[in-house]
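Take a look at the letters that make up each chain.
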Amino acid sequence: MSNGAVCIATYRLHDDKADFQKKALGIAVGLTVGSWTELPEARKAEMEKHLGRVVSVEAHEPADAAPGERYADIRIAYPDINFSRDLPALLVTVFGKLSMDGKIKLLDLDFSSDFVSAFPGPKFGISGIRDLLGVYERPLLMSIFKSVIGHDLHNLRDQFYKQALGGVDLIKDDEILFENPLTPLEKRVEACMEAARQAEAETGQKLLYAVNLTGPTSKLASQAKRAIAAGANALLFNVLAYGYDVLHELSSDPEISVPIAAHPAMAGALYPSPHYGIAAPLLLGKLMRLAGADLALFPSPYGSVVMPREENLAVQAALIDAALPVRTSFPVPSAGIHPGLVPLILRDFGTEVVVNAGGGIHGHPMGTAAGGHAFRQAMAAAGAGVPLPDAAAQPGNEALKAAIELWGYKQ
């Protein structure tokens, strides 16, 4: 570890009365050496390398501010020597006790190169996933299993097969599909990958199946390896329920040789408030990527679980930011997506995005396979700059026509 390496935390503190400079100094000292002015001079020399430092305080306190509007953005540097090189240690250091100290939100973390060197990041990332699929020129399309609780293997396989026929690139389990006697992990993988091979023989298209990795934390790695041995070529993981360090351990394991998709379950308890929690670009972007997510799901700015567009694009930026020296993660804006929204997704995210749909595929009036076709037709039209109604009128695009008649469209 190089001498003087620090990680910098950025906070937003709302307070109608606080002296922001004094508050920032209290945080810097309180979360590191505990006290400073009371220490003997000889002791200060010894402890200085552990002392947090206020980098900046940017106050926003107009004279006519209404109650609750006065705030400051505070940046504090924490010496790396204070914590081990793992995300739990860093998060507890910079926000553990502080998260309970009034209206304060963790906006960002800037890591030292020493800290980042402990994290290989995504094993595949955007380029690696494209290599696995052999798809380079367009966005990818993901489909979600729906209504899977209580279904047996035959019904699950049938649903998988219909999705695969629609031209999707990835199919993921529902995040609430856990180990159960009807569709146990290895049997589920075998049945679905058999359906994938059958569909590929008809469509010529490869796909990844992200099977939900669940169970006691101590058994997750062995569960993942069992799934891979059964034929799984991707994993889905509820990162926030288990912790970033678990994702890091899984993604770093050389025997877990498939991409990992990070699901945002539990994120709503942490990011939406302007006063508390952890900002979405850090929670669902930078930390997911550093911990090793090859794909990161997050609420879209258009659908049924809406995140503000500016915040949404900031999540994407964190997943692909070249300043972080690990592979980029595929952004997967999700929830409430239908084919008529594809032009907006491509406008905002470009082609390095996974279009993720559940009801927008399964709810298609011509069936599940047609739902996938409608998305592919919408992606082709939007990529070529063709308005969706014009594309829908073209022969062969009946699936797109039916989709926009049902759900409408936006350009």
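Residues numbered from 1 in each chain as written. Predicted model: local features only at pLDDT ≥ 70, side-chain atom pairs only at ≥ 80, totals over all residues. Heavy atoms only, no water.

As annotated in an unreviewed UniProt entry, the protein chain carries the name 2,3-diketo-5-methylthiopentyl-1-phosphate enolase and comes from Paenibacillus albus.

**A closer look at the pattern of salt bridges**
Any two side chains of opposite charge can pair if their charged atoms end up close together. Counted only if it meets this: Throughout this description, the term salt bridge denotes a Lys or Arg side-chain nitrogen within 4 Å of a carboxyl oxygen of Asp or Glu. Exposure is judged per residue with a 1.4 Å probe applied to protein chains only, and the accessible area is read against the type maximum: over 50% gives exposed, under 20% gives buried, and values in between give partly exposed. Only runs of H or I of at least four residues qualify as helices and only runs of E of at least two qualify as strands under DSSP, and these elements are numbered from the N terminus.
What the rule picks out here adds up to 17 salt bridges. The partner of Lys 172 in a salt bridge is Glu 175, and the shortest N-O contact between them spans 3.7 Å. Here Glu 175 falls in the partly exposed class, since its relative accessible area comes to 22%. Note that Glu 255 is salt-bridged to Lys 225, the shortest N-O span being 4.0 Å. Of the two residues, Glu 255 sits in the loop between α10 (244-252) and β9 (260-263) while Lys 225 sits in helix α8 (residues 220-229), which places them 30 residues apart along the sequence. In this structure, a network of salt bridges that share partners links the residues Arg 75, Asp 108, Asp 110 and Lys 286.

**Remarks on the sheet that holds strand β3 (residues 71-79)**
Short version of the rule: The rule for pairing is simple: two strands pair if DSSP sees at least two bridges between them. Geometry is summarised by axes, namely lines fitted to C-alpha atoms with helices restricted to the contacting stretch, and by angles between N-to-C directions that run from 0 to 180 degrees.
Here four strands make up an open sheet; going across it, the order is β2-β3-β1-β4 and the pairing antiparallel. Of all strands in the sheet, those bounded by a partner on one side alone are β2 (53-60) and β4 (104-110). In this sheet, adjacent strand axes meet at a mean angle of 20 degrees when their direction is disregarded. Bridge count between β2 and β3: seven bridges; the pairing is antiparallel. Note on β3: the bridge partner recorded for Val 57 is Ile 74.

**Side note on the domain arrangement of the protein chain**
Keep this limit in mind: Domain delimitation in this document rests on an assignment produced automatically or drawn from a domain database. It only takes one pair of heavy atoms within 4.5 Å for two residues to be counted as in contact. We define buried area as the total accessible area lost by two parts upon association, computed with a 1.4 Å probe and summed across both. Residues are grouped as follows: Ala, Val, Leu, Ile, Met, Phe, Trp, Tyr, Cys and Pro are nonpolar; Asp, Glu, Lys and Arg are charged; every other residue, Gly included, is polar.
Partitioning the protein chain into structural domains gives domain 1 (6-117) and domain 2 (124-407). Placing the centre of domain 1 and that of domain 2 at their C-alpha centroids yields a distance of 36 Å. Taken together, the 19 residues of domain 1 in the interface contact 18 residues of domain 2. Summing the contributions of domain 1 and of domain 2, the shared interface buries around 1500 Å²; its carbon and sulfur component is 69%. Applying the counting rule to domain 1 against domain 2 returns two salt bridges. Contributing elements (two or more residues each) for the side of domain 1 that touches domain 2: α3 (87-95), β4 and α4 (113-116). When its residues are assigned to classes, the side of domain 1 that touches domain 2 shows 11 nonpolar, three polar and five charged.

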